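Results of the structural survey
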Amino acid sequence: MEMQLPPHEGAELSVVDMHTGGEPLRIIISGYPEVKGDSVLSKRRYVRENLDHLRRVLMFEPRGHYNMYGALVVDSELPEADLGVLFMHNEGYSTMCGHAVIALGRFAVDYKLVKQPQSPETQVNIHCPCGLVKAFVEYSNGRTGAVRFHSVPAFAFATDVTVTVEGFGEVAVDISYGGAFYAFVDSQRFGLDVSKSRTRDLVDAATAVTKAVKSQVKLHHPVSDDLAFLYGTILTDGKDQYSPEPTANMCVFADAQVDRSPTGSGVTARVALQYHKGLIQLNQTRTFESGATGSQFTGKAVEETKCGDFKAVVVEVGGRAFYTGVSRFVQEADDMLTHGFLLK
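Residues numbered from 1 in each chain as written. Predicted model: local features only at pLDDT ≥ 70, side-chain atom pairs only at ≥ 80, totals over all residues. Heavy atoms only, no water.

**As for the side chain of aspartate 259**
As a reminder of what qualifies: In this text, helices come from DSSP runs of H or I with a minimum length of four residues, and strands from runs of E with a minimum of two, each type numbered from the N-terminal end. Burial classes follow relative accessibility: with a 1.4 Å probe on protein chains only, a residue under 20% of its type's maximum area counts as buried, one over 50% as exposed, and anything between as partly exposed. Note that His is not counted, nor are the chain ends; the positive residues are Lys and Arg, and the negative ones are Asp and Glu. A pair is scored as a salt bridge if a Lys or Arg side-chain nitrogen falls within 4 Å of a carboxyl oxygen belonging to Asp or Glu. The definition of a polar contact used here is a pair of N or O atoms within 3.5 Å, where within protein one atom must be able to donate a hydrogen and the other to accept one, and adjacent residues in sequence count solely through side-chain atom pairs. Any two residues whose heavy atoms approach within 4.5 Å at even a single point are treated as in contact.
With respect to the helices and strands, the residue aspartate 259 is situated in the loop between strand 13 (257–258) and helix 5 (264–276). Here aspartate 259 occupies a buried position and makes no salt bridge, while the nearest side chain of opposite charge, arginine 260, is found at 7.3 Å. At 2.9 Å, the side chain of aspartate 259 forms a polar contact with the side chain of threonine 263. Excluding residues that lie within four positions of it along the chain, aspartate 259 makes contacts with Glu23, Cys251, Phe253, Ser290 and Ala292.

**What to know about empty space enclosed by the protein**
Selection rule: Every definition here rests on a 1 Å grid over the protein atoms only: cavities are sets of points where a 1.4 Å probe fits but cannot get out, pockets are open sets enclosed by protein on both sides within 12 Å along at least five of seven lines, and lining residues have some atom within 4 Å of a point. Grid points are joined across faces, edges and corners, and a volume is the space filled by probe spheres set on the points. In this count, Pro and Cys sit with the nonpolar residues alongside Ala, Val, Leu, Ile, Met, Phe, Trp and Tyr, while Asp, Glu, Lys and Arg are called charged and the others, Gly among them, polar. Annotation comment: domain bounds sourced from an automatic or database domain assignment.
The full count for this structure, using the stated rule, is one cavity of 30 Å³ or more. Of all elements in the fold, only helix 3 (98–110) and helix 5 reach the threshold of two or more residues within the lining of the largest cavity. Grouping the amino acids of the lining of the largest cavity by side-chain chemistry returns six nonpolar, five polar and two charged. Composition of the lining of the largest cavity by domain shows at least three residues from each of domain 1 (9–151 + 323–331) and domain 2 (152–317).

**Thoughts on the domain arrangement of the chain**
Rules: Here's the idea: put two parts together, see how much 1.4 Å probe accessible area each one loses, and the total over both is what we call buried area.
Here the chain is partitioned into domain 1 (9–151 + 323–331) and domain 2 (152–317). Inter-centroid distance (C-alpha atoms) of domain 1 to domain 2 is 23 Å. Across the contact, 31 residues belong to domain 1 and 33 residues belong to domain 2. Interface area for domain 1 against domain 2, summed over the two sides, is near 2400 Å², with a carbon-plus-sulfur share of 51%.

**As for the pattern of salt bridges**
Pairing between side chains of opposite charge can happen when their charged atoms approach one another. According to the stated counting rule, one finds 15 salt bridges in the structure shown. Two residues, lysine 344 and aspartate 255, come together in a salt bridge whose shortest N-O distance is 2.9 Å. Placement of the pair is lysine 344 in the segment after strand 17 (321–331) and aspartate 255 in the loop between strand 12 (247–253) and strand 13, with a sequence separation of 89 residues. For lysine 344, a relative accessible area of 81% corresponds to the exposed category.

**Thoughts on the state of the cysteines**
Put simply, the rule is: Criterion for a disulfide: a pair of cysteine sulfur atoms at a distance within 2.5 Å.
Here the structure, examined in full by the defined rule, presents zero disulfides. Free cysteine cysteine 251: the closest other cysteine sulfur is in cysteine 97, separated by 9.4 Å. Not engaged in a disulfide, the cysteine cysteine 307 finds its nearest cysteine sulfur in cysteine 130; these two sulfurs lie 10 Å apart.

**Observations concerning unusual backbone geometry**
Following glutamate 61, the chain continues to proline 62 via a peptide bond in cis, the omega torsion being 5°. Looking at the element boundaries, proline 62 is found in the loop between helix 2 (52–59) and strand 3 (70–74). The linkage connecting serine 119 with the following residue, proline 120, adopts the cis geometry, with an omega of 5°. With respect to the secondary-structure elements, proline 120 resides in the loop between helix 3 and strand 5 (121–128). The phi torsion at alanine 254 lies on the positive side, around 50°, for a residue other than glycine. Assignment of secondary structure puts alanine 254 in the loop between strand 12 and strand 13. For alanine 256, which is not a glycine, the phi torsion comes out positive at approximately 55°. Inspection of the secondary structure puts alanine 256 in the loop between strand 12 and strand 13.

Given below as structure tokens:
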């Protein structure tokens, strides 16, 4: 039987689906109208204000699910960028996503967004809303492999900040930036284990922390106010001192969305935090493990730099992404659920 599109109204939405460490990435390759704006950040504002119905169509059920994650490839205003990208999830649009960068690195080479791939590695410059991120894609005999990327300047924003968390009282948190801001707390503070406790219990604790930090701590970023928001909370196993053994964490971001991977921007922020505390040195590679799936990324601080008045580091994060399929989605006018829904 030949595959063909069923009856539908409007444009089809074509996607390539991948995962990095178990965390999905739905790359949108066609079907969106023109995304207006003279910068990637302004394009992020434009889709949020004018095209958000398409995010819900592709991220929400029945085409997606509560924890779906997406990337829309757009033009960049930077001449050195190979592509620009907008990230999307169950709540809206993020400024950075490491697992997506790892997947997009492979995608950009395989789908010829980079004109002349080089062996053993091909550099792909990806313009994210937080800035230009350089990915390095293993390339040999026409095949792509593992990917590493160099982050935007990452820094510890504040350490040992006491917030009052509903149900848990006063909790000390660290806040760090890795393309997005995260709060960090040892899961043992809540009597939990990031690798063994029920996901629901971890989500409840992390969500309570996020709510507390958002209401009690004012964030700012030297580059843009668009970057000055708390993306989520990362619960850790508390093993922040450098060790050759893996350290585990779980990220709960957006609207209680659970990252299946070790979280690329979270690893970036955690390495910056460990470096700030003197717990890790330049070019010491750590292995970060997802408490959800056991998948692993590597991370290391490779260069000292500045971000405004903040002492910062460039962090290298490495991992693997894999293809899971391609899809062509359609809508029918009389489908009352065509615009998507979520079950919480």
